[in-house]
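Letter by letter, the chains look like this.
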Amino acid sequence: MPDARSSASERAEAFCAQYGLEVPILLAPMAGACPPELSIAVANAGGMGAMGALMTAPDGIREWVREFRAKSRGPFQLNTWVPDPKPVRDSEAEERVRKFLEQWGPPVPPSAGDTVPPDFDAQCEAFLESAPTAVSSIMGVFPSGFVARLKQRGIAWFATATTLHEAKLCADAGADALIAQGAEAGGHRGAFDPSAAERQTVGLFALVPRIADETGLPVIAAGGIADGRSVAAALTLGASAVMLGTAFLRCPEARTHPAWANALEGLAPEGTMLTRAFTGRPGRAIATDFVRAAALPDSPQPAPYPVQRGLTVAMKQAGAAAGDFHRMQVWAGQAAGVARPIAAAEVVQDLWSTAKALLR
């Protein structure tokens with residue numbers, strides 16, 4: 001496998017050959033925003049599809065894979081979070097959050113915070129059974145026993161890292177490739193230590209070369225990539241492939257809520273911000289009225305994940321029903337304004353044709 005000193009084209013070609021791609025472009029595994037149709041379109045255009053399975057039970061994972069394989073023979077990855085410790089509950093703090101949320105949506109019962117994610121071990125079994133090209137992690141390192149079983153079955157482990165230290169931990173644990181998630185990325189930050197996530201906001205172009213140089217593993221660059229220029233730049237800096245999420249949200253195959261998709265049009269990079277207000281874990285979203293209000297000094301601190309996610313469900317549902325993106329969970333990366341309402345295959349083709357021309 002070529003290393004960081006190899007040319008961008010050599011690294012990209014080697015990565016594609018190893019994982020069955022025609023172009024070094026991966027769809028980001030966006031939980032709740034990765035319908036099979038989008039992955040099918042990306043994979044059939046030569047890239048890699050993805051499913052963010054965070055909130056999907058094993059049967060739902062199997063059904064997604066069945067739908068994907070019915071229309072594509074291309075590569076795909078399945079992704080889930082390394083579980084957080086059980087949250088410490090504070091009923092008085094949650095009551096303050098519920099009262100704040102009632103300014104934006106319907107009343108929130110105390111039981112809304114009782115939500116729990118699907119069973120992680122059961123998700124892992126569904127991943128092994130489904131035998132994707134790769135399984136990707138975020139928020140930490142997979143258990144060693146699961147990593148060993150992935151390797152026994154020839155399934156690659158793509159590990160997300162937001163810092164050089166996290167990347168080294170993943171490399172030492174046996175990762176096959178490292179997803180370097182820059183602070184520009186939309187959606188949840190993959191920080192291993194949630195308390196340090198806002199402080200350790202490393203930009204992609206500072207992160208990629210250090211991870212490539214110091215781990216020797218293939219790097220998949222993610223965050224702030226939305227056109228061929230940024231693809232070429234990431235590869236030049238040492239990446240072997242790129243991963244994009246927000247850039248595909250306006251594609252018809254994504255079936256993104258119209259209010260969310262329309263809000264991305266022309267969005268300035270500074271029109272996004274990190275927030276814990278939706279789930280309790282920091283993520284980059286459009287700086288909506290709700291997100292900005294939640295960041296004010298006199299607003300209550302969000303409850304821990306996944307309590308906060310449960311508490312905000314009613315507001316998000318009401319916002320979606322009304323077509324009001326200010327009350328919806330509208331994740332967006334800093335390059336969101338570059339996204340276009342065109343077919344996913346066209347996005348893939350345009351990305352790579354422009355990048356190739358720049359890399360010559």
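This is a predicted model, so every value here is computed, not measured. (Residues numbered from 1 in each chain as written. Predicted model: local features only at pLDDT ≥ 70, side-chain atom pairs only at ≥ 80, totals over all residues. Heavy atoms only, no water.)

Q: What is the right way to read the sheet that holds strand β3 (residues 76-81) from this model?
A: The strands that make up a sheet pair up through hydrogen bonds in the backbone, lying either parallel or antiparallel. One open sheet holds the 8 strands; their spatial order is β1-β9-β8-β6-β5-β4-β3-β2, and the pairing between them is parallel. At either end of the open sheet lies a strand with only one pairing partner, and these are β1 (25-27) and β2 (49-52). Strand-to-strand twist in this sheet, taken as the mean axis angle between neighbours without regard to direction, amounts to 25°. Bridge count for strand β8 (residues 219-222) against strand β9 (residues 241-244) is 3 bridges, and the pairing is parallel. When the sheet's bridge partners are listed, Ile-220 is paired in β9 with Ala-241. (Pairing = 2+ DSSP bridges. Helix = DSSP H or I, 4+ residues; strand = E, 2+ residues; numbered from the N terminus. Axes fitted to C-alpha atoms, helices over the stretch in contact; angles between N-to-C directions.)

Q: It is not clear to me how the environment of Leu-178 should be interpreted in this structure. Could you clarify?
A: By secondary structure assignment, the location of Leu-178 is in strand β6 (residues 177-181). Sequence-wise, Leu-178 and Glu-63 are 115 residues apart; in three dimensions their C-alpha atoms are separated by 27 Å. Not counting residues within four places of it along the chain, the set of residues in contact with Leu-178 comprises Ala-159, Ala-167, Cys-170, Ala-171, Ile-211, Thr-215, Leu-217, Pro-218, Val-219 and Ile-220. (Contact = heavy atoms within 4.5 Å.)

Q: In this structure, what is going on with the packing of aromatic side chains? I would like to understand it.
A: The way to describe two aromatic rings as a pair is by their centre distance and the angle between their planes. Following the criterion strictly, the structure yields 14 aromatic pairs and no others. Here the aromatic rings of Phe-142 and Phe-146 are separated by 5.0 Å at their centres, their planes lie at 85°, and the arrangement is edge-to-face. Each member of the pair, Phe-142 together with Phe-146, is buried. An aromatic cluster is defined as three or more aromatic residues linked by ring pairs; in this entry it consists of Phe-100, Trp-104, Phe-278, Phe-290 and Trp-331. (Phe/Tyr/Trp six-rings, centres within 6.5 Å; stacked < 30°, edge-to-face > 60°. Buried < 20%, exposed > 50% of the residue type's maximum accessible area, 1.4 Å probe, protein only.)

Q: How should I be thinking about unusual backbone geometry in this particular structure?
A: One can expect most non-glycine residues to show negative phi and most peptide bonds to be in trans. Put simply, Tyr-305 and Pro-306 share a cis peptide bond, and its omega is 0°. With respect to the helices and strands, the residue Pro-306 is situated in the loop between α11 (289-294) and α12 (307-311). Positive phi values are uncommon outside glycine, yet Met-139 reaches one of about 80°. For Met-139, a relative accessible area of 4% gives the class buried. The phi dihedral of Arg-255 is positive, around 50°, even though this residue is not glycine. Examined against the element boundaries, Arg-255 turns out to sit in the loop between β9 and α10 (258-264).

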